[in-house]
Amino acid sequence: MMNPVIASIAVQPGPSPERAYTIHVGRDLAGGLARDLRAAPVGERYVLITDEFLRPLHAEPLAATLRAAGVRVDTISFPAGEANKNRDTLARIIDRMVELELGRDGAVLALGGGVVGDLAGFAAATYQRGIPVLQLPTTILAMVDASIGGKTGHDVPGGKNLVGAFHQPTAIYADLNLLDTLPVVQRSTGYAEVVKHAFIADAELLAFLEAHIAELLDLEPTATQRAILDSIRIKVDVVSADAREEGRRVLLNFGHTVAHAVESVSGYRISHGEAVAMGMVSEAALAVQRGLLDGEPLRRLQRLLEGFGLPTSIPGDLSATALWNACRRDKKVRAGRVHCVLPRRAGEMARPDRGWSFAVQEEELRGAFSR
Ligand SMILES: NC(=O)c1ccc[n+]([C@@H]2O[C@H](COP(=O)([O-])OP(=O)(O)OC[C@H]3O[C@@H](n4cnc5c(N)ncnc54)[C@H](O)[C@@H]3O)[C@@H](O)[C@H]2O)c1
Ligand SMILES: [Zn+2]
């Protein structure tokens, strides 16, 4: 039988070896996951947490495979979408875990996009002071970004991801076959983070993306595999040895100071990936204003994002004042100042004299908002 695993990538998030984990990337991984859980159980039993859209589509088939292999699993689902990544949904998940009498020897399987990964990961981080979680990402965005690195949490009325915890997964299984059901808009939003990884660290991947937009949106297997694997490797490289975002990991926030403000001010009408596209163009424009970046890489970034079908202009109904106020509430504020990471060329970020991010002023950021 063909080995369904295409690559196994090791992540070493911190200095202590016991927290290392593996990302298995492949096709048709359910049987392998069942065998792994039988051979080396992560918990005595499992709760599979997913959203209601994915429940019949991918969660029930997976639960059936696991049960057939003798793995005990109960499923918990909540309505799909960012609007539900909140404390009410979290409370319902936790109450259900208590009802199921899940003990400290239980573990969570988080099957879904970034919303499921963040919320189920946070439930695992806090339930009975923390139980293990396996991340089973089903979107491109979650495979290359959200499932990796241990950030979990949810949104509160005052802002995006303002409550959370670091909780590294025990393992990640990224099954590329699950992407076949992904609507085109979710493919586009996933490529926002792939483009981000390329723009901050890999000019070669950036050129590959430019040359293969149509195949990638079409999920052509060879191109998709290459883009996803390269993107995962960039994220792994950047989060390795910086589990708590004290150093280079902040580079992954490119575009995100503005993106989180856009998401929050729009009431989450604008998705994370779309907001990241708008945010990267705005923050790259700020780098151009400061003379750090030439105009050409900014235009290249904008063309590539638009090629992937992503919006790059912030809608006019989101006021600059509201966006600035949201930026000031962001987690990236240090000593009362809003920070951004800024590019110096396609594939490379600029380094300020100290740290990795630049403090920015209200006027200059407002002037860079892409409209
Ligand atoms: N923790 C992190 O480091 C990190 C990093 C990046 C993004 N995020 C978070 O991730 C979230 C965005 O994630 P997302 O874009 O995956 O959104 P999502 O989880 O909302 O998924 C998007 C939609 O696609 C559906 N879907 C998922 N997989 C599918 C599949 N295989 N087939 C068909 N439909 C499918 C879902 O049901 C949902 O309706 C945001 O909340 C963002 O803050 C977290
Ligand atoms: Zn992001």
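Higher on the page you've got the structure.
Bear in mind the structure is a predicted one, so any value in this text is a computation, not a measurement.

Draft legend 1. Just the packing of aromatic side chains, in detail. Evaluation of the coordinates by the stated rule reveals 2 aromatic pairs. Considering the side-chain rings of Y191 and F308, the 4.7 Å spacing of their centres and the 5° angle between planes classify their relative orientation as stacked. Placement of Y191 in helix 6 (residues 184-201) and of F308 in the loop between helix 12 (295-307) and helix 13 (320-328) is noted, with a sequence separation of 117 residues between them. Just as Y191 is buried, F308 falls in that class too. Relative to F254, the ring of F199 has its centre 5.8 Å away and its plane inclined at 15°; by these criteria the two rings are stacked. Linking F199 in helix 6 with F254 in the loop between helix 9 (221-239) and helix 10 (256-265), this pair joins segments that are 55 residues apart in sequence. By the burial criterion, F199 is buried, and F254 matches it. Over the ring of F208 we find R226; its NZ or CZ atom is 4.2 Å from the centre of that ring.

Draft legend 2. Structural detail: the nonpolar core. Among the nonpolar cores identified, the biggest contains 84 residues, and L209, F308 and L365 are the most heavily contacted of them. Of the residues forming this core, the biggest block, 10 residues, is contributed by helix 11 (residues 272-289). The residues that make up this core include at least three from each of domain 1 (5-181) and domain 2 (184-368). Those residues in contact with F308, other than ones at most four positions away along the chain, are S188, Y191, V195, L209, I213, L216 and L217.

Draft legend 3. Expanded view of the side chain of D118. With respect to the helices, strands and loops of the structure, D118 is situated in helix 4 (residues 114-126). We classify D118 as buried; its relative accessible area is 12%.

About the cut-offs
- Residues numbered from 1 in each chain as written.
- Chains lettered and ligands numbered in written order.
- Predicted model: local features only at pLDDT ≥ 70, side-chain atom pairs only at ≥ 80, totals over all residues.
- Heavy atoms only, no water.
- Phe/Tyr/Trp six-rings, centres within 6.5 Å; stacked < 30°, edge-to-face > 60°.
- Helix = DSSP H or I, 4+ residues; strand = E, 2+ residues; numbered from the N terminus.
- Buried < 20%, exposed > 50% of the residue type's maximum accessible area, 1.4 Å probe, protein only.
- Lys NZ or Arg CZ within 6 Å of the ring centre and 35° of its normal.
- Core = buried A, V, L, I, M, F, W, Y, C linked by side-chain atoms within 4.5 Å.
- Domains from an automatic or database assignment.
- Contact = heavy atoms within 4.5 Å.

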